[in-house]
Every structure is written in structure tokens, then in C-alpha cells.
Amino acid sequence: MMKIKLKKYSKIAVFSVVFLGIGYMGFLWYGQNISSLNHLSEDKLTMLDDPQLLPEKTAKLTAIEKDSNPIPIYGHWQNFTSKDGLPGDKAYCVRINGNRVLVGTHEGLAVYEQGKWRTYTTKDGLAHNGVLSIDVSELTGDVWLGTMGGLTRWSAGNFENFTQFNSGLPNDIIYSVICDGKDVWTATAGGAGHYDTFTKRWEIFTEQNAPMHEPWTYGVCAGDGKIFIAAWGGGVVEYTKKTKKFRDYVDPDGNMEMDLFPDDGVVHDITTGTSWANGNLWVATYFGLSRYDGVHWKGYFDHDSGLASNFINFVRAVGPVAFICTDKGLSTTDGENWVNYTKNDQNNAGKTIIIKGNEKTASAMSPSISHNFTLGVDVKDHVIWLATSKGVSRGELLK
Amino acid sequence: MKTSDKLMIFGLIFMVGLLVYFPGRKVARMHVNSKTAVDDHPLSCISCHLYTRKEEVISKMINADYYSPFNLAVSNNGTRLYVIAQDADALLVVDAENNKVLHKINVGIHPHSVILNRAGKMAYISNQWSDNVSVIDLASSKVIDTLKTGNGPAGLALSANEQFLYAVNAFSSNLSVIDLSSKKEIKRLTTGNNPTGTALSPNGKVLYVTSRRANPAPYGEPLSSDMTLVNDKTQTVMNRTSIESAYIMENVAFTPSGDLAIMTLIRPKNLIPSLQVERGWMNTHGIGIIEQKEGGRVIQLLIDEPNSYYPDPFDIVISPDGKTAFVSSSGVNVISVIDIDAVRTLMAESSPEMLKRFSNNLGISSLFVTKRIATGANPKGLALSPDGKLLYVAEQLEDKITVINTESLEIISAIDLGGPNRITVARQGRRLFNNASHTFQNQYACYSCHPDMHEDGLNYNLAAAGRNIVNVISLREIGDTPPYKWNGKNQSIYKQDGMRFSRFLTRTETFNYDDLDALVAYVKRGIKYPPNLMHNPNGELTESQLRGKALFYRSEDNLGHVIPENNRCITCHPPPYYSNLKLADVGTLAKTDDSIYFDTPHLNNIYASPPYLHDGRAETLEEIWTIYGLEDKHGYVNDMTKIQLNDLVDYLKSLRDPEFYQNNSNNQQQALYYKSN
């Protein structure tokens, strides 16, 4: 009797395992299929990789200008390299400051004003020639420069340097600096640093006193009474200024290079930048882009959205639009629609790819952006400036 | 009692007296000699044992409450003076027609400056030791508001539209911009180092802010100080004009036409041995002139003379016709009168090279200084009547306002503010401290290198060329922290300020002993610390400072190893002075130094005394350990994380005046608590 029952139950168990396996595979297939329905099928797209189509660029740009676009589209690119007065071709960051543009390069700070470039280096008082990040205080007009050798306050021509040796700065390698009222925040190789310009006091946040995995921090931004720190391996660390409390947002899937469950949180723990605007936090990683509206997370990848590449160096949100610097060009998005700017490998031309809903249109442009490996971007009024690993680009809003 | 008995008793007493007198006198002589380092100082017990007492009752008995007028303003109709009584924490309203004090209005602690609004109905007073500005309704003579500022507000100015008040924060080196409608500080702009004076250009476009301390620079490099230019419309810093080889720019004024901005300044010669004072050039004193046009020149002219110096220029005012400037040379009790047209001519006729030479020319003042008007002790703030016919001089250590006729350039009256008539010993000492008459050719006063009785931030070469480069130390409350001098060679202030001082530094007759007694009494007891409002306003430490305190008192390193007792912070720097008053080797002896130990400095208000170490090599507290403490000889610190070092520095910056720790028994208990935890 007992043997009969065991045999019967073992058959049921085997059947159950097979059923569950088939069901799980079906679930995976369904998930993939659903996911693919959310983005574009390649065969519907008009691809303009063929150089023979380049002569059509003028007509296409005109068409774009006439069209109504949900997000701004930039064109009429003008590129600058060391041949045009930049101290070096490698530009890490760019910031529009009134009538001038500040560019952080590997060879110093370059300032573009009235059509001319002027360079400032350590000889002028800069902490280090490698300028990785720039922000301008809205309160005081002071320019804060995060360099590879310390933090520099550039105020009306005067360079004042804060280093890990002469101040409470956590580390001399500063990947990101922002001004938030009277406070200055830095993301450094030795933790996040907070400098109160009123009290002149420093605070350091590392894995010792904040929910970080490592002391390395790559990005920092402010918004909604909070500071959002992109912490290497630690996702996003949120600091509420009022309560002085931390919380972290990490990838629920763990430190994996695939997003197992979509939109369950930040897409990866290795974050490279944060930017907050219009109630949305945008998070850059080397494995995709995330957006957090305070309640829900949304992930974006090159395979399921218009994102040019999952490898994101920098993100800046301006109003509803995020500008995403990737290794394969610049992407811009409002979360639904996309515009990408890329450059051809073999010449100075490139294309602007516009994705609205299920439609994808590409337009040739010449010249295009300076290089596809984009590192920094800033936008103001009708102008966009882009820092790349080979030069700086200036674009204008197409009407 | 029989006469013989009386004689017997008297004789006995006399004999005992003789027996006590001679050895007693010998002991007293030895004691006084050891304290004064001379063998002929009068055996006057009260010199040390009365005038330097700090018990409250005795202190009140031997001292007096002076007003010490510091700055002043004149009403629009010229009938009222508004005088800052710095030591009385008050604003005095003075009837300028009848020379009478009408009201004494209590304001914050240690007020610095006063300005009036354009209508003349409101006065703003910066309270330097309260970190705020008192707003006074002049009709009712009442304080109607108190506005929060940065640390150590000094000079004040109103924006051209009078909607904003600018307060120059001398201690935190920035400028508070206060919205007068919301009564809130809306921003702080970084200025030069230790700013005090400010003035808005006549066209209302640019605010000038002076600085007193020079920008940090290694010894040997030329120093410079910043004049910060602020755009009044955007309220952002538009320029920082570097004033080369100069510092202590106390105040600045514009000509009415706005063609020139003129500030007072000192050109120190700290790179040459200070022993060479008899050869001239310890300090030179003058004015800086900034042309207000595109590409305008920055010129410096000395107001000294070849054999007579006019140190510590403080305030400057310019007559309504723009032809005459008056400078208070506070170190020699003189108002220097400057012919501005002569200065304009000199500038017009001189090449840039010539002007550069003039900045060091002691004779050039004969071309533009037209008169020296002697005043009472320590002239500071100046103000002109609206018609420019009268010049009012705040005589800080005279408690008077001197009135000068600007046409005849003669003193016509003095307004007694009603302070004590007697001059106490400490007051006399303060006068001596501020006066350069005891220095060869009046080159400098004690105050010159110790402005505000603190320190000027510079390093001086006190021995032969290149030997013993030392940073100036603060004199605040040093009375109980012997020995003195960087190497602790002076066991008392008597020795420090007595014979050695005149022999090595002033190169003149030494102080007579009455004056030396007075100077020592003042230095020992008369110089107070400002409250540490920036880092420790109420005595309660922040979390970071508490962690830093634990590190300061720790006996074990991060790995649990015992730190040798002589390498713990607390061993050499115990409260209340945070000095064990002993000598130590902290591994920072320079090759050019005599081979000696260093006096362990007190750490009270140490945040206010950069640069650090005996020769000022460390620009910040952090550098003491990050750059100059790599061998762990100056405390055991190299196991600390950066967060811990920040905490330690944060705690050090929180240290206050010694009295706080003497009165706070919790400190030792807290120390024990942290030690045991």
C-alpha cells in the first residue's frame, strides 16, 4: 500500500517539476516578449547608416525643424579641439556660466568668451590641471572646480584650493562638485564631502558613516531637500538635509549585469552620476539608466529604449529632459521620447536619431558632435555644450 | 609701662625688623630679579601682586570702565555725533553743538562701526563679538532690531537702493548681504583675509572691501592682500585686486567724484632681519590708491618720513571738495593731512617705474602730506561734518572726540565723553602698547605686529639674516602661560617686554619701570579673547567635536595599542590653557633654527591664529599633521582616518577662552569619560 502511494506521489512530483519548468520558461519568454513590445522593433526604423544618404541631411534637418518635437532637438554643431584653442582635446565637463562657457579638460580649465578660448592651469592657481567637474554658485557667482588634485574655488579671478592635506576635503580626486545654496558637495575617491561656506566646516561621508559599499563616489546632485550621491557599488545614497539621515537605493537584483526584474529599483549598484529635476531623479550607471519619481523606479537600456548605450558617463536633467552622456553618443529623453546624437567613425558627419513612440527617424548631420565618447553636457536657453574625449561641441536648438 | 621697658620693646622689634629686613630684602631682590631679568627693578610688590591680579574685586578696584571711542558718524545736519563706545558696548549720542553726551544706547558686545541711512533716521551698529548688527531708531534712540551676520562684523555699508545692508565679517573673512525687508542674511561673499573696512563708490555701483591679513604664502615669497570689489547690483564679487607687499588695509574711502579709491595700509619688511630696525624699514606706512577707470593703476605711497614714521594708519576720510584726505596715524597720535591734488599730479607726472619706486620712498610724503596734527591717545575713527568744515576724531584711549577745523587745520575743541578721569595702570599700559614712540624713529608699536592685541599672521626673521624665522603669536590672555617667546627663553612678560625688547627690537631707551609695570599689567590682564561664536557659540560641542575630543584625550590608537603618554594630545595640551607650559620637541625644527625645544603654545581660540607651528609653515591645522606630522612626533595621529582627523580639527577649533574651562568642571569629567570609553 505504502509503495503504491510512493510511486504515485513520485510521478506527481516529476510532473510538477516539468510543469513548473515549462511554466517558468514560458514566463521568461513572455517577459521578454512583453519587454520587446514596449520598445521599437528594428524593422520599423529608418536606418541611415549608409553614407550614401548623407546628401539628404539638409532636407532632413529642415524637416525636423518644422516638425513638432516633444523634446528639444539640437543641431548646427560646432566643434572645438586643441586646434581651436582648447588646451587639450580631452574634455571632462562643461558648464555654461552667463556669457561664458567653462570647460574642464585634462590640461586645465578652458573658458570660452566672446569667441575666444582662455586657459587656466596650475600656474594660475588651479589645484590640478585635470578638471573633472564644474559648478557655479547661484548665490555668489563663485565657480567651484573639482579636479584630480583638489577642489578649487575660482572667485573673481582668485583661485583658492582645498585639498585633503590643507582642509577637511575627503580626497583630492573629485569626480563631481555641486553648489546647493551655501553648501558645496563633492563626490570624491574618498567619500562624499560637504562644505558649509558659512561655518567653513567639512563633513565626510564614507562607508564608515553612511550606507555605502565603498568610499568611492562618482556623482552628486541636490533636489527636493535631499542630496543624492552616486556611490560606486552602493547605488544611490540619499541624504535628507533636514533630518541629516541617510537611506540608500540599491539594485534589488544585486550587483548583476542584467536587470532581472524590470523597474524594481536602480538598474545597477555601480552608479556614475545623479541628476534631479522636475521631481525626477535620474541615475546613470555603466549598465543603463534609471529614473525615480519618488515612488517608482523606471529602467532604460539600449535594448529596450532609445538609450544610445548602457555605458553612461554622466547625466544632467534640465526640466523634464535628461541629457545622457554615453560611450556611443549623447542621448536625451523625457522618459518616453528620445533624441540621440552620434558621430560616424570615419568622418566628421553623424546623425540625429529621433524616437517618438514607435517611430524612429534618423537624420544625417555634418558636422556632428565632436566624438561619441561623451563625458559632460550643459544646456541653457537655446544652446547645448557637450564635452567629449576628443573636443567640445556646441549645438543650437532647432526650431 | 616704664620708659625703659618701652625702649626695650622697641629695640627688640627693631632688631627683629633688621633681622627680617635684610634677608627678606635679599630674597625679594632675587625674586624680582628672576622675574624681570634685571637687577635694578624697584622692589615694588604691587607691580606684580596688585596690578596683575585677576580676582574680580581687586580687578574692579584697580581698573576703570572706559568708553574707548572707536568709530563715529555724523548726522545729516551736523548737530549729532554717533560714537561707538567699544569698551562700554554702547552707542553714544553726542550733541555736537554743545559737546555733550545725550544718550548712551546699549548695543551688542564690542561694537565696531556705525553708519546712518541716507535719511539719517536709522543707525546700524556692527557688534563684533555678538555676530550681529543693532538697528537703532534715532528718533527714539532705541534698538529696534538685531540682524544676524557672519563672524566678527566690522565695517558696514548700505546698498545704493538701501534695500540691503553689507556687513564685513572680519573673523570669518566674508561679507554678509542682509535683505533689510526680510531682515535675513541672504548670502555671504568670500572676501580677502580679515576684512574690516568697506565703502560704496559714489556712483553706487561697486562696493570695496579691504583686508588686513595678507594672503597665505610661504615665508620668503612677497605678500599681498586683497581688495574685494563687489557688484552692488548683482551682489557678486566682480574682482579681487591684489595689493602687493601690503597688508593691514583698515579702511577705504572714495573721492566724491569717484576717480580714486584710497585706503590705508602697511608695507611690512618681514623678510629682512627685524634686528635691523635702526637701519629703518621694519614697517612702512602709507596709502593705496586705486584709479577708478578701465585699466586704472594701483599705487602705493608712504606717508612716513625718512626719520619719522607714522605707524598704524587706521581711518581715512576725504573732504567734500575731494582735495584733502585725513588719515589717523593711530600709532603716533597724529592726523596726517594729504593734498589729493598733489597726489594726482604726482601720479600724472610719474612713469609706472617711478611710482613703483615711490612705494618704498620715505621722502615722497613731503610732496603731498601738508600737515601733521597732534591728537590725544590713539586716534581711530574719523568723520567729517556734512559741510566738511569740521573733522571729528575718535581718540580711543583718551575717551574724547577731538574736533579739528579743516581750514585752519587746528584743534578747536575736545568733547569729553564722560569716561573716568583717572588713568589706571592698565590703561597706561594699553596706551604704551598702542604707541610707537618707544621704537626707533617711531617705526612700530606693539600693536603693529599684534593688531587687536592678537597677531598679524606674518613670520618675522628675529635673528640674523635667515636664522630663527618665527610666526607672531597672539597676546590674548597670555598672562598665565609662561614661559614666553617661541623657544620659551623668557620666563616672564617683564623679561619679554623689558630690556631684551629694547635691545633687540625697538633699539631705543628701554621702558622706564613704571611704564614696564603698566605694559605688563595690561598684557597680562587687559587682553581678552573674543567669544568663539563660529565654532563653539554656547559651549555645547557638536557630534563631530565630541568625537574629536575623544581623540584628543585618547590613550590608545585605532588598533588598541597604547599611545606613549608623551605623544598624546592631552599630555602637552591640557586645559584650561591647553598647554602644559613646558618645552617640547615636535620634530619641526628647521635647519635655520637654533637647536632648541619649542614652547608649547596654548590652544585657546586656536582657530583664529593661522598659520601654525613656530615658523608658520602649516597654513591650516590639518597641515600640522598631513604634511608636517608624518613621523608622529607631534602627537600620534597617523593611524587616524580622514574623518577622525576632521573631527580632531573640528574639536580644536571649538576651544574657547581659558576662563570657560576653569569654570567648567564638566571638562575633566568628560575627559575621564572618553578616556574610559
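Calculation criteria
As a convention, each chain's residues are numbered from 1 in the sequence order in which they are written. Chain labels run from A onward and ligand labels from 1 onward, assigned in the order the entries are written. With the structure being a predicted model, the display of local features is reserved for residues of pLDDT at least 70 and the display and counting of side-chain atom pairs for 80 or more, all residues being used for whole-chain, interface and lining totals. Where helices and strands are cited, they refer to DSSP runs of H or I of at least four residues and of E of at least two residues respectively, numbered from the N terminus. Burial in this document is a count-based property: other C-beta atoms within 10 Å of a residue's C-beta are tallied, and the residue is buried at 20 or more, exposed at 12 or fewer, or partly exposed in between, with C-beta positions derived from the backbone. We call two residues in contact if the C-beta atoms placed from their backbones are at most 7 Å apart. Just to be clear, the radius of gyration here is over C-alpha atoms, and the globule rule we use is 2.2 Å times residues to the power 0.38. One number per residue, pLDDT, summarises how confident the predictor is, and it ranges from 0 to 100. Think of it as three bins: nonpolar holds Ala, Val, Leu, Ile, Met, Phe, Trp, Tyr, Cys and Pro, charged holds Asp, Glu, Lys and Arg, and polar takes everything else, Gly as well. Here the rule is simple: two strands pair whenever DSSP picks up at least two bridges between them. Between the N-to-C directions of two axes lies an angle of 0 to 180 degrees, each axis being a line fitted to C-alpha atoms and, for a helix, fitted only over the stretch in contact. An expected span of 1.5 Å times one less than the residue number is assigned to each helix. The term nonpolar core means buried Ala, Val, Leu, Ile, Met, Phe, Trp, Tyr and Cys residues held together as one set by C-beta atoms within 7 Å. Note: domain ranges come from an automatic or database domain assignment. Orientation categories follow fixed angle ranges, with anything under 35 degrees roughly parallel, anything over 145 roughly antiparallel, 65 to 115 roughly perpendicular, and all other angles oblique.

### Observations regarding the overall build of chain A
Thinking step 1. A tally of regular secondary structure across chain A gives 2 helices and 30 strands.
Thinking step 2. The buried share among the 399 residues of chain A stands at 49%.
Thinking step 3. Excluding contacts between residues fewer than 6 apart, the proportion of contacts in chain A whose partners are at least 24 apart in sequence is 47%.

### With respect to the overall build of chain B
Thinking step 1. In terms of regular secondary structure, chain B is built from 16 helices and 32 strands.
Thinking step 2. Over its C-alpha atoms chain B spans a radius of gyration of 27 Å, differing by no more than 12% from the 26 Å that the globule rule assigns to 677 residues.
Thinking step 3. Here the C-alpha coordinates of chain B stretch approximately 80 × 80 × 55 Å along the principal axes.
Thinking step 4. By residue count, 49% of the 677 residues in chain B fall in the buried class.
Thinking step 5. In chain B, the share of contacts with a sequence separation of at least 24, taken over all contacts with a separation of at least 6, comes to 54%.

### Some remarks on the confidence of the model for chain A
Thinking step 1. Considering every residue of chain A, the mean pLDDT works out to 87; 82% of them sit at 70 or more.
Thinking step 2. Overall, residues 26-59 of chain A carries pLDDT values under 50, and its contacts beyond four positions in sequence, including any with other chains, amount to 28 contacts.

### Quick notes on the interface of chain A and chain B
Thinking step 1. On the chain B side, the residues contacting the 26 residues of chain A number 24 residues.
Thinking step 2. If one sorts the elements of the side of chain A that touches chain B by residue count, strand β13 (residues 201-205) of chain A sits on top with 3 residues.
Thinking step 3. Looking at side-chain class alone, the side of chain A that touches chain B contains 7 nonpolar, 15 polar and 4 charged residues.

### Some details on the sheet that holds strand β5 (residues 111-116) of chain B
Residues and elements named next belong to chain B.
Thinking step 1. Strand order in this open sheet of 4 strands is β5-β6-β7-β8, and the pairing throughout is antiparallel. The sheet is open, and its two borders are formed by β5 and β8 (142-148), each paired with just one other strand. If you compare each strand with its neighbour and ignore which way they point, the axes differ by 25° on average.
Thinking step 2. Examined bridge by bridge, β5 and strand β6 (residues 122-127) share 4 bridges and lie antiparallel to one another. From the neighbouring strand, P111 faces β6, where its bridge partner is N127.

### Observations concerning helix α1 (residues 3-36) of chain B
All names here are of chain B.
Thinking step 1. Here α1 contains 34 residues, and its C-alpha end-to-end distance of 46 Å stays within 8% of the 50 Å for a straight helix at 1.5 Å per residue.
Thinking step 2. The element α1 is barely covered by neighbouring structure, given that only 2 of its 34 residues are classed as buried.
Thinking step 3. Two residues or fewer past α1, A37 is found with a positive phi of approximately 65°.

### A few points about the nonpolar core
Thinking step 1. One finds L72, V83, L91, L165, Y166, I262 and I401 of chain B to be the most contacted residues of the largest nonpolar core, which totals 167 residues.
Thinking step 2. Each of domain 1 (9-63 + 462-525) and domain 2 (543-676) of chain B accounts for three or more of the residues forming this core.
Thinking step 3. Beyond its immediate sequence surroundings of up to four residues, I262 of chain B is in contact with V252, A253, I287, I289, I316, I318 and A325 of chain B.
Thinking step 4. By size, the runner-up hydrophobic cluster in this structure holds 100 residues, among which are W282, F323, L375 and V377 of chain A.

### Some remarks on the pairing of strand β19 (residues 283-291) of chain B
All names here are of chain B.
Thinking step 1. Most of β19 is tucked away: 8 of the 9 residues are buried.
Thinking step 2. With 9 bridges connecting them, strand β18 (residues 260-268) and β19 associate as antiparallel partners. The residue of β19 that forms the bridge with T264 is I287.
Thinking step 3. Strand direction decides the pairing type here: β19 and strand β20 (residues 298-302), joined by 5 bridges, are antiparallel.

### Regarding the sheet that holds strand β29 (residues 383-388) of chain A
For sheets, the rule is that strands pair by backbone hydrogen bonds, running either parallel or antiparallel.
All names here are of chain A.
Thinking step 1. Overall, antiparallel pairing links the 4 strands, which are arranged β1-β30-β29-β28 in an open sheet. Lying at the two open borders of the sheet, with one neighbouring strand each, are β1 (74-80) and β28 (374-380). Neighbouring strand axes in the sheet, compared pairwise and without regard to direction, differ in orientation by 20° on average.

### Notes on the pairing of β28 of chain A
Residues and elements named next belong to chain A.
Thinking step 1. Counted residue by residue, β28 has 6 buried out of 7 residues, so it is predominantly covered.
Thinking step 2. Examined bridge by bridge, β28 and β29 share 6 bridges and lie antiparallel to one another. Paired with V377 across the bridge in β29 is L386.
Thinking step 3. Counted between consecutive antiparallel strands, the loop separating β28 from β29 contains 2 residues, among which D381 sits at a positive phi close to 55°.

### Brief notes about the domain arrangement of chain B
Residue and element names in this part refer to chain B.
Thinking step 1. Domain annotation for chain B reports domain 1 (9-63 + 462-525) and domain 2 (543-676).
Thinking step 2. Put simply, the middle of domain 1 and the middle of domain 2, counted by C-alpha atoms, are 30 Å apart.
Thinking step 3. Taken together, the 18 residues of domain 1 in the interface contact 21 residues of domain 2.
Thinking step 4. Classifying every residue of the side of domain 1 that touches domain 2 by side-chain character gives 6 nonpolar, 7 polar and 5 charged.

### Let's talk about the packing of helix α11 (residues 543-552) of chain B against helix α14 (residues 642-654) of chain B
How two helices pack is summed up by the angle between their axes together with the distance between the axes.
Residues and elements named next belong to chain B.
Thinking step 1. For the pair α11 and α14, the least separation of the axes is 7 Å and the interaxial angle reads 95°. In terms of orientation, α11 and α14 fall into the roughly perpendicular class. Contacts between α11 and α14 involve S544, Q545, R547, G548, K549, L551 and F552 from the first element and Q644, D647, L648, D650, Y651 and S654 from the second.
Thinking step 2. Of the residues assigned to the contact of α11 with α14, the class counts are 4 nonpolar, 5 polar and 4 charged.

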